[in-house]
Amino acid sequence: DDGKKQRKRRRKADAARREWLREVEGNSVRILYELTRHLNEGSPHEAKNRLLAKFLEGDCEKCDRIVELCLKYDERSRLAEYQFYRSDEAEELERSGAVDMELAALHAKLRGGGDVLHRVCAIAAFAATGSR
């Protein structure tokens, strides 16, 4: 019985850790996205150029990571949209006609990772257009 309780606690702890890591990753992307939006040539201490240089150092490992994140969040957002269309909620909305089905699917896609995907792709564009 104690073994079952320990396994249950461990599963809960593992799930909480995964959720925490997802939050940290999403928050990190949001911070980096805001930096790419607000840094410009006139930023103090050559901040824009210093941020761009970070993408190019270490054999472009950060660019590789950005591509990995693009693929990860693209898959998540597509899966969320697919699951929405297969859900009871989608059937109910379609029957009622009260909400535009495509708009509801887009909302599910954004919640499922599409919002972070947009930001990660914007960061990739910043790195690509800023490198010479």
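Heads up: the structure comes first, above all this text.
A. Structural context of the overall build of the protein chain. Looking only at helices and strands, the protein chain features 4 helices and 0 strands. The order of helices and strands in the protein chain, counted from the N terminus, is α-α-α-α. Since a compact globule built from 132 residues should have a radius of gyration of about 14 Å, the 20 Å found for the protein chain marks it as more spread out than a globular shape. Taking the principal axes of its C-alpha atoms as reference, the protein chain extends roughly 55 × 50 × 25 Å. Relative to its 132 residues, the protein chain shows a buried fraction of 27%. Looking at the protein chain alone, contacts between residues at least 24 apart form 67% of all its contacts between residues at least 6 apart. Summed over all atoms, the accessible surface of the protein chain reaches about 10,000 Å², with 51% contributed by carbon and sulfur.

B. Structural view of a nonpolar patch on the surface. Nonpolar side chains collect at one region of the surface, where Trp20, Leu21 and Val24 lie side by side and expose about 290 Å² of accessible area between them. For Trp20, the position within the fold is in helix α1 (residues 2–38). Trp20 sits in the exposed class, given a relative accessible area of 52%.

C. Representation of helix α4 (residues 101–130) in the model. For α4, the principal kink sits at Arg111 and spans about 70°. Structurally, the start of α4 carries an N-cap: the backbone nitrogen of Glu102 is 3.3 Å from a side-chain oxygen of Asp100.

D. Seen up close, the environment of Leu35. As for its placement among the helices and strands, Leu35 is situated in helix α1. Residues Leu35 and Ala47, 12 residues apart in the sequence, show an inter-C-alpha distance of 9.3 Å.

E. Representation of the environment of Ile31. You can see Ile31 is positioned in helix α1. Sequence separation between Ile31 and Arg11 is 20 residues; the distance between their C-alpha atoms is 30 Å.

F. Representation of the environment of Ala104. Take Ala104: it is sitting in helix α4. Along the chain, Ala104 and Leu32 lie 72 residues apart, while their C-alpha atoms are 28 Å from each other. Residues contacting Ala104, with those up to four places away along its chain left out, are Phe84, Leu93 and Val99.

G. Spatial organisation of the packing of aromatic side chains. Tallied over the entire structure, the rule returns 1 aromatic pair. Taken together, a centroid distance of 5.7 Å and an interplanar angle of 65° make the contact between Phe84 and Tyr85 edge-to-face. Judged by relative accessible area, which is 41%, Tyr85 ranks as partly exposed.

H. Examining a positive patch on the surface more closely. On the surface, Lys4, Arg7, Lys8, Arg11 and Lys12 cluster together into a positively charged patch. Within the secondary structure, Lys12 sits in helix α1.

Criteria and thresholds
Residues numbered from 1 in each chain as written. Predicted model: local features only at pLDDT ≥ 70, side-chain atom pairs only at ≥ 80, totals over all residues. Heavy atoms only, no water. Helix = DSSP H or I, 4+ residues; strand = E, 2+ residues; numbered from the N terminus. Rg over C-alpha atoms; globule rule 2.2 N^0.38 Å. Buried < 20%, exposed > 50% of the residue type's maximum accessible area, 1.4 Å probe, protein only. Contact = heavy atoms within 4.5 Å. Areas by Shrake-Rupley, 256 points an atom, 1.4 Å probe, with all protein chains shown as cover. Patch = residues over 30% accessible without salt bridge, like charges linked within 9 Å, V, L, I, M, F, W, Y side chains within 5 Å. Salt bridge = Lys/Arg side-chain N within 4 Å of Asp/Glu carboxyl O. Bend = angle between axes of the 7 residues up to and from the residue. Polar contact = N/O pair within 3.5 Å; in protein donor to acceptor, adjacent residues only side chain to side chain. Phe/Tyr/Trp six-rings, centres within 6.5 Å; stacked < 30°, edge-to-face > 60°. Lys, Arg positive; Asp, Glu negative; His and termini not counted. Charge placed at Lys NZ, Arg CZ, Asp CG, Glu CD.

Honestly, it's all geometry; don't read function into it.
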